[in-house]
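Fold and geometry: a report
Residue strings, one per chain:
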Amino acid sequence: MNIGIHDLDVATTHFVLDLDEMAEALGIDPAKYEKGLGQDEFSVPAPDEDIVTMAATAASRLLSRHDASKIRMVLFATESSIDQSKAAGVFVHGLLGLPQAVRTVEFKQACYSGTAALQTAVNHVARYPEDQVLVIASDVARYAVDSGGEPTQGAGAVAMLISADPNLVVIEPGSGVFTADVNDFWRPNDSSTPYVEGKLSLDAYMNAATGSWDDLVARRGLDITDIDRFLHHQPFTKMARKAHARLGEHVGADLGPELIEESMTYNRRIGNSYTASLFFGLAAQLHGNPDLAGKRLGLFSYGSGSVAEFFTGIVQDGYTDHIHPETVREALDSRVPLTFAQYRELHASYIGASDNVEVPAVTAAPFRFTGITDHVRHYEAR
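First, a word on what this report is: a plain description of the structure on this page. In this text the structure is predicted, and so the values were computed from the model without any measurement. Numbers given to residues run from 1 along each chain, matching the order in which its sequence is written. Since the coordinates come from a predicted model, pLDDT governs what is reported: local features require at least 70, and pairs of side-chain atoms require 80 or more to be given and counted, while whole-chain, interface and lining totals use all residues. Side-chain metrics in this entry use all non-hydrogen atoms of the structure; hydrogen atoms and water are not considered.

1. Observations concerning the overall build of the chain
Counted only if it meets this: The helix and strand labels rest on DSSP assignments: H or I over at least four residues marks a helix, E over at least two residues marks a strand, and numbering proceeds from the N terminus. The atom set for the radius of gyration is the C-alpha atoms, and the globule formula is 2.2 Å times the number of residues raised to the power 0.38. Residue exposure (1.4 Å probe, protein chains only): buried if accessible area is under 20% of the type maximum, exposed if over 50%, otherwise partly exposed.
Along the backbone of the chain there are eleven helices and 18 strands. Taken over the C-alpha trace, the chain has a radius of gyration of 19 Å; the compact-globule value for 382 residues is 21 Å, and the two agree within 12%. For the chain, the C-alpha atoms occupy an extent of roughly 55 × 50 × 40 Å along the three principal directions. The buried share of the chain, reckoned over its 382 residues, is 58%.

2. What about the pattern of salt bridges?
Filter applied, for reference: Take a side-chain nitrogen of Lys or Arg and a carboxyl oxygen of Asp or Glu: if they are within 4 Å of each other, that pair is a salt bridge.
Taken as a whole and judged by the stated rule, the model has 15 salt bridges. For arginine 220, the salt bridge is made with glutamate 172, and the minimal N-O distance between the two is 3.2 Å. Here glutamate 172 lies in the loop between strand E8 (169–171) and strand E9 (176–179) and arginine 220 lies in helix H6 (residues 198–220), a separation of 48 residues in the sequence. Each of Glu41, Arg269, Asp333 and Arg335 takes part in a single network of salt bridges with overlapping partners.

3. Re the environment of phenylalanine 311
Tracing the sequence through the fold places phenylalanine 311 in strand E14 (residues 307–315). Along the sequence, phenylalanine 311 and valine 74 sit 237 residues apart, while their C-alpha atoms lie 22 Å from each other.

4. Things to note about the environment of alanine 164
Heads up, the condition is: In what follows, a contact means two residues having at least one pair of non-hydrogen atoms within 4.5 Å.
Residue position: alanine 164 is located in strand E7 (residues 154–164). The spatial distance from the C-alpha of alanine 164 to the C-alpha of tyrosine 128 is 9.3 Å, given a sequence separation of 36 residues. Each residue touching alanine 164, except ones within four places of it in the same chain, is listed here: Met1, Asn2, Ile3, Val125 and Pro129.

5. So, the nonpolar core
Quick reminder of the rule: Among buried residues, the Ala, Val, Leu, Ile, Met, Phe, Trp, Tyr and Cys ones that are joined through side-chain atoms within 4.5 Å form a nonpolar core.
Ranked by internal contacts, the top residues of the largest apolar core, which has 46 residues, are Ile5, Ile162, Leu282 and Leu286. Among the elements that make up this core, the one with the highest residue count is helix H9 (residues 277–288) (seven residues). Excluding residues that lie within four positions of it along the chain, isoleucine 162 makes contacts with Ile3, Gly4, Ile5, Leu118, Ala121, Val122, Val125, Asp131, Gln132, Val133 and Val135. Counting 38 residues, the second-largest nonpolar core is a separate cluster that includes Met22, Tyr33, Phe230 and Leu259.

6. Comments concerning helix H10 (residues 325–333)
Convention followed: Each C-beta atom gives one direction from the helix axis, and the arc is the one those directions make.
Taken together, the buried positions of H10 are occupied by Pro325, Thr327, Val328, Ala331 and Leu332. Take H10 and look down its axis: the buried residues cluster within an arc of 155°, on one side only. Of the exposed residues in H10, those oriented more than 90 degrees away from the buried face are Glu330 and Asp333. As for H10, its buried residues are in contact with strand E1 (3–11), helix H3 (51–63), helix H8 (267–270) and H9.

7. As for a negative patch on the surface
For clarity, the cut-off: Like charges within 9 Å and nonpolar side chains (Val, Leu, Ile, Met, Phe, Trp, Tyr) within 5 Å are joined into patches, using only residues over 30% in relative accessible area that form no salt bridge. Methods summary: accessible areas were calculated by the Shrake-Rupley approach with a probe of 1.4 Å, and residue burial reflects only the protein chains presented. His is not counted, nor are the chain ends, whereas Lys and Arg count as positive and Asp and Glu as negative. A charge is said to be at NZ when it belongs to Lys, at CZ for Arg, at CG for Asp and at CD for Glu.
Together, Asp18, Asp20, Glu21, Glu24 and Glu34 line one region of the surface with negative charge. Top contributing element to the negative patch by residue count: helix H1 (residues 19–26), with three residues. Note on placement: aspartate 20 falls in helix H1.

Written out as structure tokens, the structure is:
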């Protein structure tokens, strides 16, 4: 049975910061961001946006094209969770008006958990082929000001519908996995921003890339030449380039940049979206290349700490009839540019989990975060 991604759609934030603006304000050569990180800008949430509102927006776009009564699970992947108990997907379930006969769960393992949710969905459909599963990866990457991570911030959500006989990509059985207990990146419960060990983070990422590839080869006997295009998790796009080069060195092959180039166009503009990053790369690859039918994609998913997976998918015939690049263009091009001072003011106005606050309407998005009362978060659908 062929099972995989039947459809996908995305959402990002109301605001955007151009990294040239940040470079000028901080007296930094813009090339440090454009070439050193491979980033041009990053999405910035308005006060009435968060992982739930972005997820609901992406999912509502996707479900407008499908019968929601077939959905039996909602799997929400995030590393910027809003509650230690209640899954963010339960809020989304209510906002979308999905049937109550649905299982809803939140997944966490840094940036990797979007892939964990995807594979769980595939396994469910293998057992119940008539079912469909809604997988959502949604995150806000927020770092301390003046930290090395500040220019790699970002935010976004990708919603995917997983089904039998998918229109877009069949997820092939058998993947390579890797786990290593390292403290390269972590965010304690009492911190709104993460801690990062830069060199260790890069080394852990590279080790996970080669380790998960080796496990994939051991399980399936694939050769590097069996992969037509590669997609790597993109904390910033230069890091994905480094992983691609390291993989080529590891297997003794010349893996040209053209094999990953299309997958980076959206992430350069969105910034880091943690769990959604790999799947923004998938969207960009599908949207930017009309000749992928029958091609095998190699996808490397990484989450700090660290857990990784290397898996493959076959792009389906006729996939170009079922993609919607116009929604991504609209989401990216309609963002409101911020000055550096405006961005820093927004960053400083972070709303904590225990605040009692009413949030003014800023965005025109179909869903918004309205505030917190006695520790309870409130949302509205427009």
